[in-house]
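Descriptive analysis of the structure
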Amino acid sequence: MNYWLMKSEPSSFSVDDLARAPHRTTVWDGVRNFQVRNMLRDQINKGDLAFFYHSGGSTPGIAGTMKVSRSGYVDASAFDPQDHHFDPRSTLPKPLWYCVDVTLVKRFKCVVTLAELRQHAALKDMLILRRGNRLSISPVSAIHWQYILKLAAQT
DNA sequence: GCCAACGTTGGC
DNA sequence: GCCAACGTTGGC
């Protein structure tokens, strides 16, 4: 079982949106980066756990936890010319892009902010804290996962 | 295959 | 709104 961190801009889709979604579940689609595509297709499995990270807003940070409820499958949004993420290079016989389904496990009472994460030496190697990190999904170690869960429980 | 230009991400 | 980082594109 693996742990991940998945970014979303709360103005487009937030942890509260996920809490309101049917079965607290959504398709995590629209990823158009090859490194992240490879993770979605090959590495992120049903049963894995992930942090829901709010990026771009006024208070970036981890807002809750999710479970992967469906492993990688073809991202149909690439086929829809009306969709913002339409990509004509992706075809049914040769799909380019992949997605997973995620289900909300727990919405944190308070967001564990990026600023707070930076204050903990135990987390200094987290990919999210690295300069220039722009991947919308990154792996999280079991140690960091447990540590952050404790932080979230304290606040 | 190199590399400049360009676009996007995301913190601040 | 600014800017650093970095992925992608396309000319050569």
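**Observations regarding helix α2 (residues 34–43)**
Buried residues of α2: V36, R37, M39 and L40, and no others. Around the axis of α2, the buried residues are gathered within 160 degrees of arc, so they sit on the same side. Elements in contact with the buried residues of α2: β1 (3–8), β4 (61–74), β5 (98–113) and β6 (137–140).

**A look at the protein's contact with DNA strand B**
In the vicinity of DNA strand B, the contacting residues are K7, Y53, S55, G56, P60, L114, R118 and R134. In this structure, a phosphate oxygen belonging to DNA strand B sits 2.9 Å away from a side-chain N or O atom of K7. A distance of 3.0 Å separates a phosphate oxygen of DNA strand B from a polar backbone atom of G56. Within the surface near DNA strand B, the residues separate by chemical class into 3 nonpolar, 2 polar and 3 charged.

**Topic: the packing of aromatic side chains**
Summed over the entire model, instances satisfying the criterion amount to 5 aromatic pairs. With 4.0 Å between their ring centres and 20 degrees between their planes, F51 and W145 make a pair best called stacked. On the criterion of sequence distance, the pair formed by F51 in strand β3 (residues 49–54) and W145 in helix α4 (residues 142–154) is long-range, its members being 94 residues apart. The residues F51 and W145 share a single accessibility class, namely buried. The cationic tip of R41 hangs over the ring face of Y98; the distance from NZ or CZ to the ring centre is 6.0 Å. Looking at R70, its charged tip hangs above the ring of Y73, at a distance of 3.5 Å from the centre.

**What to know about the sheet that holds strand β2 (residues 25–28)**
Strands in a sheet are paired, the pairing made by backbone hydrogen bonds, and the direction either parallel or antiparallel. Ordered in space as β2-β5-β4-β3-β1-β6, the 6 strands form an open sheet in which the pairing is mixed. In this open sheet, the two edge strands, each paired with only one partner strand, are β2 and β6. On average, adjacent strands in this sheet sit at an angle of 35 degrees to one another, irrespective of strand direction. Relative to β6, β1 is paired through 4 bridges, and the arrangement is antiparallel. Residue pairing in the sheet places L5 in a bridge with S138 of β6. Relative to the sheet, α2 contacts β1, β4, β5 and β6, its axis offset from that of β5 by approximately 105 degrees. Of the strands in this sheet, β1, β3, β4, β5 and β6 touch α4, which is tilted by about 55 degrees from β3.

**Some thoughts on the protein's contact with DNA strand C**
Taken together, the neighbourhood of DNA strand C is formed by N33, F34, Q35, R89, R131, G132 and R134. Among atoms of DNA strand C positioned within 4 Å of the protein, sugar and phosphate together represent 85%. One of the side-chain N or O atoms of R89 is found 3.2 Å from a phosphate oxygen in DNA strand C. Within the contact set of DNA strand C, a base oxygen lies 2.9 Å away from a side-chain nitrogen or oxygen of R134. Residue composition of the surface near DNA strand C, by class: 1 nonpolar, 3 polar and 3 charged.

Rules used in this analysis
- Residues numbered from 1 in each chain as written.
- Chains lettered and ligands numbered in written order.
- Predicted model: local features only at pLDDT ≥ 70, side-chain atom pairs only at ≥ 80, totals over all residues.
- Heavy atoms only, no water.
- Buried < 20%, exposed > 50% of the residue type's maximum accessible area, 1.4 Å probe, protein only.
- Helix = DSSP H or I, 4+ residues; strand = E, 2+ residues; numbered from the N terminus.
- Arc of directions from axis to C-beta.
- Contact = heavy atoms within 4.5 Å.
- Near = heavy atom within 4 Å.
- Polar contact = N/O pair within 3.5 Å; in protein donor to acceptor, adjacent residues only side chain to side chain.
- Nonpolar A, V, L, I, M, F, W, Y, C, P; charged D, E, K, R; others polar.
- Phe/Tyr/Trp six-rings, centres within 6.5 Å; stacked < 30°, edge-to-face > 60°.
- Lys NZ or Arg CZ within 6 Å of the ring centre and 35° of its normal.
- Pairing = 2+ DSSP bridges.
- Axes fitted to C-alpha atoms, helices over the stretch in contact; angles between N-to-C directions.

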